[in-house]
Amino acid sequence: MSDEIPGLDLSRLAALRSGVVGVRISYEQELGSTMDEAHRLAEEGATEGLVVIAEQQTKGRGRFERTWISTPGLDLTFSVLLRPAADQLRMVNMAATMAVQDTALALTNKGAVIKWPNDVLVSGRKLSGILVESVTSPSGGLQYAVIGVGLNVNLRPDERPEIRDIATSLAQESGADLDRTAVLIDVLARLDEYYAAIRVGQDLSERWAERLDTIGRYVDVNWGGRTVSGRATGVDRDGNLLIESEGQITTVVAGEVTLRRAPGNR
Ligand code: BTN
């Protein structure tokens, strides 16, 4: 690691080796994207639980081919390789978002919420973005899934006018800089617990649905070039969002949610 950037303390991450998540750690100063590196290692046969961390990504990506920008030494950007059974894949995103939310609740004393499908917000601003990519074999079987997490830790968006209104960080919400290694261990240990629950057959969808801030709200969801508007009434067992409008329910598999006023409220 360079002298200027305070690095993570890898020796403390060894505590994770007793579980699945964190069984192997790859920590790089710079990568294109931790997602690409995790995919590369997965194709080489890496064991599940591998965590790829980069201080800096030159091609960090978010959903809908957006760019993910983070600050070396201040934030956390990492990917986790899992090899769930095909019927468990739908819960990988639920596990990841709940793990990050739990960490945020524990460290900030503020009401961190999940915005469907995979953002964690505090004070209405984005704390973390999560991305899940999965790969299937030519015969259609699930090979593996990669979870990508971008988590703002010691970034101070209140000092950055261009992101002040949309982003926040654990430090900004808690009022003090945090030990990034401890934050990373906390998220990974919680993810390991949720993944253990998935592997023994637990269904996380109800717990996850209860934590979604989106439910009960009037929303526009941009999805596949169209906009679905209505009240979010719940999610199905796969985590798809159910939107009710004029008595009809539309099931939304993916999309970008924007909150709107309830009808009649000006
Ligand atoms: C989103 O909000 O759209 C998801 C953002 C996910 C960003 C993380 S940072 C670590 C990992 N590597 C990437 O290139 N993307 C994910």
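Rules of the game
- Residues numbered from 1 in each chain as written.
- Predicted model: local features only at pLDDT ≥ 70, side-chain atom pairs only at ≥ 80, totals over all residues.
- Heavy atoms only, no water.
- Core = buried A, V, L, I, M, F, W, Y, C linked by side-chain atoms within 4.5 Å.
- Buried < 20%, exposed > 50% of the residue type's maximum accessible area, 1.4 Å probe, protein only.
- Helix = DSSP H or I, 4+ residues; strand = E, 2+ residues; numbered from the N terminus.
- Domains from an automatic or database assignment.
- Expected span 1.5 Å × (residues − 1).
- Pairing = 2+ DSSP bridges.
- Axes fitted to C-alpha atoms, helices over the stretch in contact; angles between N-to-C directions.

Asker: Sorry, what's going on with the nonpolar core here?
Answerer: A general feature of soluble globular proteins is that nonpolar side chains tend to end up buried together. Membership of the largest hydrophobic core comes to 55 residues, with the highest contact counts inside it found for F78, V80, W116, I147, L151, L204 and L241. Looking at this core, the element that brings in the most residues is helix α5 (residues 180-199), giving 10 residues. When residues are assigned to domains, this core turns out to be shared by domain 1 (4-210) and domain 2 (218-259), each giving three or more. L31, V52, L131 and V135 belong to the second largest nonpolar core, which has 14 residues in total.

Asker: What exactly am I supposed to notice about helix α3 (residues 92-108) here?
Answerer: Because the α-helix completes a turn every 3.6 residues, residues three or four places apart line up on one side. Between its first and last C-alpha, α3 extends 24 Å over 17 residues, near the 24 Å set by a 1.5 Å rise per residue. The buried fraction of α3 amounts to 14 of the 17 residues, a majority that puts the element mostly inside the structure. The first or second residue beyond α3 is N109, which carries a positive phi of 60°.

Asker: Is there a simple way to explain the sheet that holds strand β12 (residues 256-259) in this structure?
Answerer: Strand-to-strand pairing in sheets goes through backbone hydrogen bonds, with the strands running parallel or antiparallel. Within the open sheet, the 5 strands sit side by side as β11-β10-β9-β8-β12. Their pairing is antiparallel. The open sheet has two free edges, formed respectively by β11 (248-252) and β12, since each of these has just one partner strand. Direction aside, the axes of adjacent strands within the sheet are offset by 45° on average. Across 5 bridges, strand β10 (residues 241-245) lies against β11 in antiparallel orientation. Each bridged residue has a counterpart across the sheet, and for I243 the counterpart in β11 is T250.

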